[in-house]
Amino acid sequence: MKKLISVFMSMIIALAIFSYTDFISFALNQTEDIERTRLGATDTYYSFDAKTKTLTISGVGDTPSNFENDNASQPWYRWRSDGSIEHVVVEHGITSLGKYLFYGIKALDFSLPSTLRSIGSYAMGSLSLVKNINLPQSIVTISNHAFYFSTSVENVNIPSAVNEIGDEAFANCLSLKNLTFDNPYAQISIGKKAFFYCSSLKTVTIPKQAKLGSYSFAFYSASKGSVYKDFIMNIYRDSPAYSYAVNNNVRYSLINKSVINSEQTINCSYYENSYQDKMIFEFTAPKSHYYKFYSSGLVDVDCILTDSLDTSGEILAQNKDISPDDLNFAINYFLEAGKTYYYTVSCFSHTSVGDFSVTMICNHNYESVVTPPTLSADGYTTYTCTYCGESIKSDFVKRTGVMIKGKLVLMESPDGSHPNNYPVSDVFISVDGKSITVSGEDGGFEIYVPASSKQLRIYSDFSAAREFEIFFDENLDMCLDDIVYFNLDYYKDGYVNAKDFAVIRKLYGKYPQSQEFLYRSVDYNRDGVIDYDDFKFAKSFFTYGKITESIYD
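Enquirer: A description of the layout of surface pockets should follow, citing residues and the corresponding values.
Expert: Reported here for the largest pocket is a volume of approximately 340 Å³. Every residue lining the largest pocket is counted, 21 residues in all, and those nearest its centre are T180, F181, D182, P184 and T205. Ranked by residues supplied to the lining of the largest pocket, first place goes to strand β13 (residues 178-181) with four residues. Its residues placed into classes, the lining of the largest pocket shows nine nonpolar, nine polar and three charged.

Right under this line is the structure:
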């Protein structure tokens, strides 16, 4: 009986544990949104959208560099691997992924910004679902253990700017099968065991100037010195990778061909015992155009352009020196869109070895037309390519005139106030005694005058003039904003009195076309008719003295 009770109690306890565990598992699943929350003491933040299962990192600068693989550091530690997170988005402005930032997250994809420069230790380690890692061209440093044990990653491309891949950065990436380097001549340091125990990686082309640490490629056991027999390194003769392969009994294949793209420069070297090797640069023209391929440096090199590498290939162009006393070549040739061409570079002699570079550019032959500046418009030069018709504007020259802008509003009281901002139209604007324009119906004006102009004058038949000294900012602009202007002397005798009110009273009614100018000057509220409202307003501005410019003081 006791034995039966014991078994029964065990079943109850097991069931309770199972239920509790299931409850905990369910509780860890993140089902609610998380608003933008600061990461540590940095200017970076995280947020979470539960509906789309997206974790977003935003802000400016580096994310925290002191995280550990624990709940105290990583805010999403408890739900990083339960299916809550499917997508990770790092927004523009983030410059570094700190230590352990995304470690162990079971996301399907990661989006990284063009501002990102470094990936910290273990920052993307232990990823088990994502297959492709698209590193932005801005990346410079991939730190020690950055992708350590990310067993699902299959494809990685190393951008040209990367100059350091740390120790064990991609170690134990068991699914990694495609590894490429953007720049075959990149000066990059690849750390110890950087690609250790990458069992699916069968071949890789190593940049010519890359420095390899011990056990960085091909090894699966350091203690026994074991290398994968089916792994092949594609390497350049006399490169550090060549020495690495020979010294470690790693299978290799020598290469002398590189792909070059438009607007790209590749750094190259010739050594004493490799000066007889030819370097082949493969180029596929993105559009039909003239392209220029040229060298720079102190190595005496020449070049031949062909449309094939076999014996049927035709020599399209060749060049040894840009000038008789030069070491470099330059080939400018029209290439057809989508067609692949080959530039074969040779070193002239063993006395001329060292470093040089080759560059491919989309070459243009520009003709220029100069458009001189005017008072109101900047001048510029238009360059048009005689090869393709592409046109660009540059060499801008600042306009010669000052832009003066302002708006006239009616002075509604002798104290200078203008609460209703009634526009004053048809007022004359002159510069240095020369009439330029009149204010518009909204009271505004915008004029361009020579930068040597001295005085701006605003005047009409119904008031004393206003004068301004012309000054301007670094943009040749002079903005006067609202200009208070008096405009009530309709009898034109220098006073505002009953005679002027009589003029207004006489104008009661709608505008006749023949006197639209006069009527508009009296229609203060711009309702299209002269009535008591206009008369009442004018009457409030009754003055007893002669009207002079001092009224604006």
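Enquirer: Break down empty space enclosed by the protein for me, with residues and values.
Expert: One pass over the structure, following the stated rule, counts two cavities of 30 Å³ or more. Approximately 60 Å³ is the volume found for the largest cavity. Lining the largest cavity are L410, Y422, P423, V424, S425, N487, R520, S521, D523, Y524 and R526. Partitioned by chemical class, the residues of the lining of the largest cavity number five nonpolar, three polar and three charged. Approximately 30 Å³ is the volume attributed to the second largest cavity. A class-by-class count of the residues in the lining of the second largest cavity yields seven nonpolar, no polar and no charged.

Enquirer: Explain the state of the cysteines residue by residue, including any values.
Expert: Taken as a whole and assessed by the stated rule, the structure comprises zero disulfides. Free of any disulfide, C303 has its nearest neighbouring cysteine sulfur in C268, separated by 11 Å. As a non-bridged cysteine, C347 has C268 as the owner of its nearest cysteine sulfur, 11 Å distant.

Enquirer: An account of a nonpolar patch on the surface is needed here, citing residue identities and associated values.
Expert: On the surface, a cluster of nonpolar side chains totalling about 240 Å² of accessible area is made up of V246, Y252 and L254. With respect to the helices, strands and loops of the structure, Y252 is situated in strand β20 (residues 252-254). On the basis of relative accessibility, which here comes to 37%, the residue Y252 falls in the partly exposed class.

Enquirer: How would you summarise the pairing of strand β6 (residues 94-97) if you had to cite specific residues and measurements?
Expert: Both strand β4 (residues 61-62) and β6 contribute to a ladder of two bridges, which runs parallel. What sits directly across from G61, in β6, is I94.

Enquirer: Before we move on, can you summarise a negative patch on the surface with the specific residues and values?
Expert: A surface patch of negative charge is lined by E32, D33, E35 and D49. Residue position: D33 is located in the loop between α1 (2-28) and β1 (34-38).

Enquirer: So, the packing of aromatic side chains: which residues are in play, and what are the values?
Expert: Overall, the coordinates contain 28 aromatic pairs when judged by the stated rule. With centroids separated by 5.6 Å and ring planes inclined at 55°, the aromatic side chains of F102 and F110 adopt a geometry described as tilted. For the residue pair F102 and F110, the accessibility class agrees, reading buried in each case. On the basis of an interplanar angle of 55° and a centroid distance of 5.2 Å, the ring pair of F462 and Y490 is categorised as tilted. Of this pair, F462 sits in the loop between β37 (455-459) and β38 (466-469) while Y490 sits in the loop between β39 (477-485) and α3 (498-506), placing them 28 residues apart in sequence. Accessibility expressed as a relative area gives 5% for F462, which makes it buried. Through a chain of ring-to-ring contacts, three or more aromatic side chains come together here, namely Y100, Y103, Y122, Y148 and F149.

Quick notes on the rules
- Residues numbered from 1 in each chain as written.
- Predicted model: local features only at pLDDT ≥ 70, side-chain atom pairs only at ≥ 80, totals over all residues.
- Heavy atoms only, no water.
- 1 Å grid on protein atoms, 1.4 Å probe; cavity = no way out; pocket = protein on both sides within 12 Å on 5 of 7 lines; lining within 4 Å.
- Points joined across faces, edges and corners; volume = space filled by probe spheres on them.
- Helix = DSSP H or I, 4+ residues; strand = E, 2+ residues; numbered from the N terminus.
- Nonpolar A, V, L, I, M, F, W, Y, C, P; charged D, E, K, R; others polar.
- Disulfide = S-S within 2.5 Å.
- Patch = residues over 30% accessible without salt bridge, like charges linked within 9 Å, V, L, I, M, F, W, Y side chains within 5 Å.
- Areas by Shrake-Rupley, 256 points an atom, 1.4 Å probe, with all protein chains shown as cover.
- Salt bridge = Lys/Arg side-chain N within 4 Å of Asp/Glu carboxyl O.
- Buried < 20%, exposed > 50% of the residue type's maximum accessible area, 1.4 Å probe, protein only.
- Pairing = 2+ DSSP bridges.
- Lys, Arg positive; Asp, Glu negative; His and termini not counted.
- Charge placed at Lys NZ, Arg CZ, Asp CG, Glu CD.
- Phe/Tyr/Trp six-rings, centres within 6.5 Å; stacked < 30°, edge-to-face > 60°.

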